[in-house]
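# Per-entry structural report
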Amino acid sequence: MDMIKSGFIAIVGRPNVGKSTLLNALIGTKVSIMSPKPQTTRHRILGVLTENDYQMIFVDTPGMHKGKDLLNKKIDQVAVSSLGDVDIVLFVVDGIKGSAEEHIINYFTHLNKPVFLVINKIDELKNKAQIDEIILSYISAFSFEGVIPISAKNETYLKQLKESLLPHLEEGPMYFPKDMKSDQSEEKLMSELIREKILFHTEQEVPHAVAVVIESLEENDEENTIDVSALIIVERPTQKQILIGKNGEKMKKIGSEARKEINQLLHTKIHLTLWVKVKKDWRNRPSDLNAFGYGDDI
Ligand SMILES: Nc1nc2c(ncn2[C@@H]2O[C@H](COP(=O)(O)OP(=O)(O)O)[C@@H](O)[C@H]2O)c(=O)[nH]1
Ligand SMILES: [Mg+2]
């Protein structure tokens, strides 16, 4: 077996600090959906970066926060347990709104592995004094292996970030094939892209009440497309109405945006049909959570 330098790197932090944006920027393609709404990421998602002499496997995690329903409790466990499974931790904070965040830093104290402080969104900072102040507030709480200011959105200082990680990778196997960028199936990526468009077009409680399941994929030889049928699950009839919108306009928009991005990302022409179904309280029912892709292995 080929040996190179390799390792697993967790990306953790509060919701909305830019973890998924960072993962996608590092991998160079979208593997994890992003949105301005908190709690966008629900799964542990792997992004694989393979260069000539190393393989870095980044683990995007849902934001760490205290959730109430069963789905949120499961999501929290995903983030916390991923800390134990990796070689290096990137603790991402918001360069504008960040402040010590003790409840997360507490998880680092007994880890015995390098934790880097990654200060994101520096494109929005007004001056250098501001960033120094933020750095000080964090480094007084924990002894980080290093501090790396970046802008995930503008892809600034990502090279420096990767260079800081390199000395901490050990000789190891190539865990994944060279051309593999994520552990998500194409089907999962499709349902996540649909959910991303829903997040952009809905407000308040709707984004959190939505699950998306791909019901069928069929090759259509005549038109050289793949016919995809996806089911969108919500919790209440009112949420269904909001999603469908006046004359079905919102659903059309979500469908056409999702279709375009799926075409582009998967290099496959698809024909997308969306259905909306109400399933009361699905976020608290273990059987529904399993059925909608949030089982024990999320
Ligand atoms: N200005 C700015 N915004 C960013 C940056 N990185 C992410 N964002 C925005 O922050 C929001 C949350 O991003 P996301 O990656 O979904 O955060 P996550 O919840 O931590 O995964 C989105 O609206 C992003 O566009 C950055 O470097 N600069
Ligand atoms: Mg995310």
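Residues numbered from 1 in each chain as written. Chains lettered and ligands numbered in written order. Predicted model: local features only at pLDDT ≥ 70, side-chain atom pairs only at ≥ 80, totals over all residues. Heavy atoms only, no water.

### Overview of the site of ligand 1
Around ligand 1 there are 18 residues in total, and N16, K19, T21, D123 and E124 lie nearest to it. Within the side chain of K121, a nitrogen or oxygen atom sits 3.1 Å from an oxygen atom of ligand 1. Here an oxygen atom of ligand 1 and a backbone polar atom of A152 are 3.0 Å apart. Of all the elements, helix α1 (residues 19-27) adds the most residues to the shell around ligand 1, at 3 residues. (Near = heavy atom within 4 Å. Polar contact = N/O pair within 3.5 Å; in protein donor to acceptor, adjacent residues only side chain to side chain. Helix = DSSP H or I, 4+ residues; strand = E, 2+ residues; numbered from the N terminus.)

### Notes on the coordination of the magnesium ion (ligand 2)
Under ideal tetrahedral coordination, the four donors around a metal are separated by 109.5 degrees; under ideal octahedral coordination, the six donors are separated by 90 or 180 degrees. For the magnesium ion (ligand 2), the full set of protein donor atoms is S20 (OG) and T41 (OG1), at a range of 2.0 to 2.2 Å. In this pair, S20 sits in helix α1 while T41 sits in the loop between α1 and β2 (45-50), placing the two residues 21 residues apart along the sequence. Across the pair, T41 and S20 agree in class, each one buried. (Donors = N, O, S within 2.8 Å, 3.2 Å for Na, K, Ca; no water. Buried < 20%, exposed > 50% of the residue type's maximum accessible area, 1.4 Å probe, protein only.)

### Comments concerning the sheet that holds strand β9 (residues 225-234)
Within the open sheet, the 3 strands sit side by side as β8-β9-β10. Their pairing is mixed. The outermost strands of the open sheet, each flanked by one partner alone, are β8 (211-220) and β10 (270-278). Averaged over all pairs of adjacent strands, the angle between their axes in this sheet comes to 15 degrees, without regard to strand direction. Relative to β10, helix α8 (residues 237-244) is tilted by about 155 degrees, and along the sheet it contacts β9 and β10. (Pairing = 2+ DSSP bridges. Axes fitted to C-alpha atoms, helices over the stretch in contact; angles between N-to-C directions. Contact = heavy atoms within 4.5 Å.)

### Side note on unusual backbone geometry
Of note, the phi angle at Q204 is positive, near 50 degrees, even though the residue is not glycine. Here Q204 lies in the loop between α6 (186-201) and α7 (206-209). A relative accessible area of 66% means that Q204 is categorised as exposed. At D281, a residue that is not glycine, the phi angle is positive and equals roughly 55 degrees.

### Let's talk about the packing of α8 against helix α9 (residues 249-266)
Between two packed helices, what matters for the description is the angle formed by their axes and the separation of those axes. In the contact formed by α8 and α9, the axes pass within 5 Å of each other and the chain directions differ by 65 degrees. Looking at the two axes, α8 sits roughly perpendicular to α9. Residues I242, L243 and I244 of α8 pack against E249, K250, M251 and I254 of α9. Across the contact of α8 with α9, the residue classes break down as 5 nonpolar, no polar and 2 charged. (Parallel < 35°, antiparallel > 145°, perpendicular 65-115°, else oblique. Nonpolar A, V, L, I, M, F, W, Y, C, P; charged D, E, K, R; others polar.)

### A look at the nonpolar core
By size, the foremost hydrophobic cluster in this structure holds 30 residues, and its most contacted members are V12, V89, F91, F108, Y138 and F144. Residue assignment for this core shows that the elements contributing at least two residues are β1 (3-12), β2, β3 (54-60), α2 (70-84), β4 (88-94), α3 (102-105), β5 (115-120) and α4 (128-139). Listed in part, the 26 residues of the second largest apolar core include L22, V31, I45 and I88. (Core = buried A, V, L, I, M, F, W, Y, C linked by side-chain atoms within 4.5 Å.)

### Topic: the domain arrangement of the chain
Per the domain assignment, the segments making up the chain are domain 1 (3-173) and domain 2 (186-291). Using C-alpha coordinates to define each centre, domain 1 is positioned 28 Å away from domain 2. Across the domain 1/domain 2 interface, buried area totals approximately 1,700 Å², and carbon plus sulfur atoms make up 56% of it. Taken as a group, I33, K37 and R42 account for 35% of the area that domain 1 buries against domain 2, more than any other trio of residues on that side. Viewed at the interface, domain 2 and domain 1 are joined by 3 salt bridges. Between E196 and K30 there is a salt bridge, with its nearest N and O atoms 2.6 Å apart. Viewed at the interface, domain 2 and domain 1 are joined by 11 residue pairs in polar contact (both at pLDDT 80 or more). In terms of residue count, α2 provides more of the side of domain 1 that touches domain 2 than any other element does, 3 residues in total. (Domains from an automatic or database assignment. Buried area = accessible area lost by both parts, 1.4 Å probe. Salt bridge = Lys/Arg side-chain N within 4 Å of Asp/Glu carboxyl O.)

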